[in-house]
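Descriptive analysis of the structure
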Amino acid sequence: MRNMLLIGLLGTILCGCQTVCRSTGGMAVSLQEGGTVAEVSVDDPCFSDWLDVVNTSLRRVDSGCLKAQVTIRNKKKDYTDDGRMDDFAAQYKFTWLDADGAVSGTGESNWTSVTWHGGEVKPLDSVSPNPSSVRFVLSVRHLR
């Protein structure tokens, strides 16, 4: 009986460390050239509870392309468990759009994995594929 309880407890702990919530949606951050405030849309309460967009920037670099940076913070921090239960694992990708709203060239990146540890702030960045880009959309989805 004692062994069954230990196995059950271990299973609960391991499952809890692998996922922070039953997320099925995500978050999108978008900013147009010349804009000062990014649009942030969240269709999953898990993202609202865990992640916060701290800063966004968009500027032209020497090549004429745009460089975007979105800084995101994990709001959770559990000081009692060495950070195991406050990690947020996700994937993100940038999509670059031209003035007509079409994807700019090869302007959609692959999904990239990222983990925010409790309280951690991470910048996510990308450079547009060509100078015709005027807007980016950063999509973030939860990893299970």
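Residue positions within a chain follow its written sequence, with the count starting from 1. Totals for whole chains, interfaces and linings use all residues, but because this is a predicted model, local features are given only for residues with pLDDT of at least 70 and pairs of side-chain atoms are given and counted only at 80 or more. Neither water nor hydrogens contribute to the side-chain values; these are computed over all heavy atoms in the structure.

Bringing the confidence of the model for the protein into the picture now. pLDDT is a residue-level measure of predictor confidence that goes from 0 to 100. Scored by pLDDT, the protein comes out at a mean of 81, with 78% of its residues at no less than 70. Across residues 1-20 the pLDDT falls below 50, and counting only partners more than four positions away or on other chains, this stretch makes 11 contacts in the model. A contact between two residues is defined here by any heavy atoms of the two lying within 4.5 Å.

How two aromatic rings sit relative to each other is set out by the distance from centre to centre and by the angle between their planes. Each Phe, Tyr or Trp ring, with Trp reduced to its six-membered ring, pairs with another whose centre is within 6.5 Å; inter-plane angles below 30 degrees give stacked pairs, above 60 give edge-to-face pairs, and intermediate values give tilted ones. Counted according to the given criterion, the structure contains five aromatic pairs. Here Phe 47 and Phe 88 contribute two aromatic rings whose centre-to-centre distance is 5.2 Å and whose plane-to-plane angle is 70°, an arrangement assigned as edge-to-face. Of this pair, Phe 47 sits in helix α2 (residues 45-50) while Phe 88 sits in strand β5 (residues 88-98); the two residues are 41 residues apart in sequence, bridging distant segments of the chain. By relative accessible area, Phe 88 is classed as buried at 0%. Through pairs of rings, three or more aromatic residues link up here, namely Tyr 92, Phe 94, Trp 96 and Phe 136. Whether a charge lies above a ring is judged from NZ of Lys or CZ of Arg, which has to be within 6 Å of the ring centre and within 35 degrees of the ring normal. In this arrangement the basic side chain of Lys 76 is found over the ring face of Trp 50, its NZ or CZ atom lying 5.4 Å from the centre. In this text, helices come from DSSP runs of H or I with a minimum length of four residues, and strands from runs of E with a minimum of two, each type numbered from the N-terminal end. Accessibility here uses a 1.4 Å probe with only protein chains present; expressed as a share of the type maximum, an area under 20% marks a residue as buried, one over 50% as exposed, and anything in between as partly exposed.

Here we take up the sheet that holds strand β3 (residues 51-60). Note on sheets: strands pair through backbone hydrogen bonds, and any given pair is parallel or antiparallel. One requirement defines pairing of two strands: DSSP has to find at least two bridges between them. Taken in spatial order, the three strands of this open sheet run β3-β4-β8, and their pairing is antiparallel. This sheet does not close on itself; its edge strands, each paired only once, are β3 and β8 (121-127). Sheet twist, expressed as the average angle between the axes of neighbouring strands with direction ignored, equals 15°. Summarising the sheet, strand β4 (residues 66-74) and β8 pair through seven bridges and their orientation is antiparallel. The residue of β8 that forms the bridge with Lys 67 is Val 127. An axis is simply a line fitted to the C-alpha atoms; with a helix, the fit covers only the stretch in contact. Between two such axes, the angle follows the N-to-C directions and lies from 0 to 180 degrees.

Once that is clear, we can look at the pairing of strand β9 (residues 133-142). Of all 10 residues making up β9, eight are buried, and the element is well covered by its neighbours. Pairing geometry for β5 and β9, over nine bridges, is antiparallel. Looking at β9, one finds that Ala 90 is bridged to His 142.

The term salt bridge refers to a side-chain nitrogen of Lys or Arg lying within 4 Å of a carboxyl oxygen of Asp or Glu. One pass over the full model with this rule turns up three salt bridges. Note that Arg 60 and Glu 33 form a salt bridge whose closest N and O atoms lie 2.8 Å from each other. Here Glu 33 lies in the loop between β1 (26-32) and β2 (39-42) and Arg 60 lies in strand β3, a separation of 27 residues in the sequence. Overall, the relative accessible area of 36% leaves Glu 33 in the partly exposed class. With its nearest N and O atoms 3.4 Å apart, the salt bridge here joins Arg 73 to Asp 52.

On to the side chain of Asn 74. Turning to its location among the elements, Asn 74 is positioned in strand β4. What qualifies as a polar contact is a pair of N or O atoms within 3.5 Å, subject to a donor-acceptor requirement within protein and to the restriction that residues adjacent in sequence count only when both atoms come from side chains. Only 2.7 Å separates the side chain of Asn 74 from the backbone oxygen of Asp 86, close enough to count as a polar contact. Setting aside chain neighbours within four positions, we find Asn 74 in contact with Trp 50, Leu 51, Asp 86, Asp 87, Phe 88, Trp 116, His 117, Gly 118, Gly 119 and Glu 120.

For the purposes of this section, nonpolar cores are sets of buried Ala, Val, Leu, Ile, Met, Phe, Trp, Tyr and Cys residues that join through side-chain atoms within 4.5 Å. Ranked by size, the top nonpolar core spans 23 residues in total, and within it Phe 94 and Leu 138 carry the most contacts. Element by element, the count of residues in this core is highest for β5, at five residues. Excluding anything up to four places from it in sequence, Phe 94 contacts Ala 68, Val 70, Gly 107, Glu 108, Ser 109, Leu 124, Asp 125, Ser 126, Phe 136, Val 137 and Leu 138.

Moving on, we get to the environment of Pro 123. As for its position among the elements, Pro 123 is in strand β8. Taking the relative accessible area as the measure of exposure, Pro 123 reaches 48% and is therefore partly exposed. For the pair formed by Pro 123 and Val 54, sequence separation is 69 residues and the distance between their alpha carbons is 9.3 Å. With residues near it in sequence (within four places) discarded, Pro 123 still touches Gln 69, Val 70 and Thr 71.

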